[in-house]
Amino acid sequence: MVENNNQLSTSAEDYLEAALMCTLRGERIKVTTLSEHLGVSKPAVTAALGELVDKGFIAREKYGDITLTESGKQKAEEVYQKHRLMHDLLVKLGVSEQQASIDCCKIEHVLSPESIACIEKFVKGE
């Protein structure tokens, strides 16, 4: 699932972002919640969480709480910031909120740090 130490797969980033969304809403991170949010099966969530545990991004007690580790929270926040940035750019360009929400989920994973920095300057009007 992880391509190298610094680069996570799109799927892994989505799981981290979904876990962060749970915490931002004040919810516990649960397999069922992640399954519903991402539209995947519970066994798929369980497998993905196992890999994220192995990589040190989440901590999980068997049949217990799931939490983001400090590095997991940091990575999830990076992904979410890219998500928000791409959403804001698309809306600024005239894309509907609904379509921007769909498209930014795809775009956020493939842009280089250089492109992200330039887009951020543009969106902020710098």
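Caption draft 1: A look at the overall build of the protein chain. When you go through the protein chain residue by residue, the secondary structure sums to 6 helices and 2 strands. When the elements of the protein chain are put in sequence order from the N terminus, they spell out α-α-α-β-β-α-α-α. Over its C-alpha atoms the protein chain spans a radius of gyration of 15 Å, differing by no more than 12% from the 14 Å that the globule rule assigns to 126 residues. The C-alpha extent of the protein chain, read off along each of the three principal axes, is 45 × 30 × 25 Å. Looking at the protein chain residue by residue over its 126 residues, the buried ones come to 34%.

Caption draft 2: Summary view of the side chain of Lys82. With respect to the helices, strands and loops of the structure, Lys82 is situated in helix α4 (residues 70–92). Despite being buried, Lys82 has no salt bridge partner; Glu13 is the closest side chain of opposite charge, sitting 4.3 Å away. With residues near it in sequence (within four places) discarded, Lys82 still touches Glu13, Glu108 and Ile116.

Caption draft 3: Main features of the pattern of salt bridges. With the rule as written, the count across this model stands at 6 salt bridges. Here Arg84 and Asp88 are joined by a salt bridge, their closest N and O atoms 3.3 Å apart. Here the residue Arg84 and the residue Asp88 both occupy positions in helix α4, the gap between them amounting to 4 residues, near one helical turn. Residue classification places Arg84 among the partly exposed residues on the basis of a relative accessible area of 32%. Salt-bridge contacts for Glu120 lead to Lys124; the nearest nitrogen and oxygen are separated by 3.4 Å. Of the two residues, Glu120 and Lys124 are both situated in helix α6 (residues 113–124); the distance of 4 residues between them amounts to about one turn of the helix.

Here is what the cut-offs are and how they apply
Residues numbered from 1 in each chain as written. Predicted model: local features only at pLDDT ≥ 70, side-chain atom pairs only at ≥ 80, totals over all residues. Heavy atoms only, no water. Helix = DSSP H or I, 4+ residues; strand = E, 2+ residues; numbered from the N terminus. Rg over C-alpha atoms; globule rule 2.2 N^0.38 Å. Buried < 20%, exposed > 50% of the residue type's maximum accessible area, 1.4 Å probe, protein only. Lys, Arg positive; Asp, Glu negative; His and termini not counted. Salt bridge = Lys/Arg side-chain N within 4 Å of Asp/Glu carboxyl O. Contact = heavy atoms within 4.5 Å.

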